[in-house]
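Report on the structure
Here is what each chain is made of, one letter per residue.
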Amino acid sequence: MTISAIIVDDEQLAREELKYLLDSAGGVEVVAQGTNGIEAVDLIEEHRPDLVFLDVQMPGLDGFAVIKRLVDRHAKAKDTEPLPQIVFATAYDQYAVRAFDVNAVDYILKPFDRSRVLQALERVRGRMSSGSPSNAAGGAAAPLPDSRIDALLKLIARPQASPQPAKLIVQTQNRLLLIDQADICYAAIDEGVIRVVTPAFEGQSKCRTLEELLEQLDPAVFWRAHRGFVVNLNHIREVVPWFKSSYQLRMDDKRQSEIPVSRAQTRRLRELFNL
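A brief report on the enclosed structure follows. (Residues numbered from 1 in each chain as written. Predicted model: local features only at pLDDT ≥ 70, side-chain atom pairs only at ≥ 80, totals over all residues. Heavy atoms only, no water.)

**Looking at the sheet that holds strand 15 (residues 258–260)**
Selection rule: Think of it this way: DSSP has to see at least two bridges between two strands before they count as a pair. Numbered from the N terminus, helices here are DSSP runs of H or I no shorter than four residues, and strands are runs of E no shorter than two. For helices, the axis comes from a line fit to the C-alpha atoms of the stretch in contact; other axes are also lines fit to C-alpha atoms, and the angle between any two N-to-C directions lies between 0 and 180 degrees.
Pairing is antiparallel in the open sheet, where 3 strands are placed in the order 13-14-15. Two strands lie at the open edges of the sheet, namely strand 13 (236–241) and strand 15, each paired on one side alone. On average, each strand axis in the sheet is inclined to that of its neighbour by 30 degrees, with strand direction left out of account. Where strand 14 (residues 247–251) meets strand 15, 3 bridges bridge the pair, whose relative direction is antiparallel. Paired with Leu249 across the bridge in strand 15 is Ile259.

Here it is in structure tokens:
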């Protein structure tokens, strides 16, 4: 079963990365791409796709406003054809992502992770084969009603309940060391193990995922430059141009480790350092 899909994102690199992942997954035909919310509404009505990957943060009409407009137009036109399934794409911090979970909304995080995109596709295929309504994760009905969108917006706007801890526990050999966040150069995950690197030593975090680790880190300082790496902006020694207009980050740890920057995060890197 081939799924027809539309990608809407104001970042060209993000659109290219997602299309690459969808093409490599197979069974998905990207019939159109849009750069803003207005285009999203028009493209959805023109192509009537099975699935829309919709960026949350876009100028003018954001992802939630797109859903509201589609629901309103459907209601006014008394259109009986179901709306497409929606998967939100977001670069929100981890607190905001919990709001998506609470409201049973399907989402993928930027920078995109191949396994997470494949998981979202499997959910879509499952709902299509069962004939259930579209959009919400776990088989909940969709499109999202206004009440759920409003609740989601309120949760995202709410400040975090508590600040991130100033120190973190890192295990090295048989010792559990308490370290300052500011001392962390970067963290990397490999086969489910998170390695934390400081100028003085390396250790392991007890966190199971980088998302879980990011919840404990200051979002103003730590940036997920790649799906497998989180870097401390204050410990970047050099930005190194790489192949095909990409970059690597040379850190200031003992090894002067080089961290790749994903294609989806290249624009953010340029914004951070005015490249």
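From this point on, the discussion continues.
**Looking at the side chain of Gln181**
Selection criterion: Only protein chains enter the accessibility calculation, which uses a 1.4 Å probe; a residue whose area is less than 20% of its type maximum is buried, one above 50% is exposed, and one in between is partly exposed. Here a polar contact is recorded for every N or O atom pair within 3.5 Å, except that within protein the pair must consist of a potential hydrogen donor and a potential acceptor, and residues adjacent in sequence are included only if both atoms are side-chain atoms.
Structurally, Gln181 is set in the loop between strand 7 (175–180) and strand 8 (186–190). We classify Gln181 as buried; its relative accessible area is 9%. A distance of 2.6 Å separates a polar atom in the side chain of Gln181 from the backbone oxygen of Gln216.

**Points about helix 3 (residues 63–77)**
Rules: By this rule the span expected of a helix is its residue count minus one, scaled by 1.5 Å. Directions from the helix axis toward the C-beta atoms define the arc.
Counted at 1.5 Å a residue, the expected span for helix 3 with its 15 residues is 21 Å, and the 21 Å between its end C-alpha atoms agrees. Those residues of helix 3 not exposed but buried are Gly63, Phe64, Val66, Ile67, Leu70 and His74. An end-on view of helix 3 places all buried positions within 160 degrees of arc, on one side of the element. Opposite its buried face, helix 3 presents the exposed residues Ala75 and Lys76, each directed more than 90 degrees away. The opening residue of helix 3, the one whose side-chain oxygen lies 3.2 Å from the backbone nitrogen of Phe64, is Asp62. Downstream of helix 3 by one or two residues, Lys78 has phi in the positive range, about 55 degrees.

In short, shape yes, function no, at least from these values alone.
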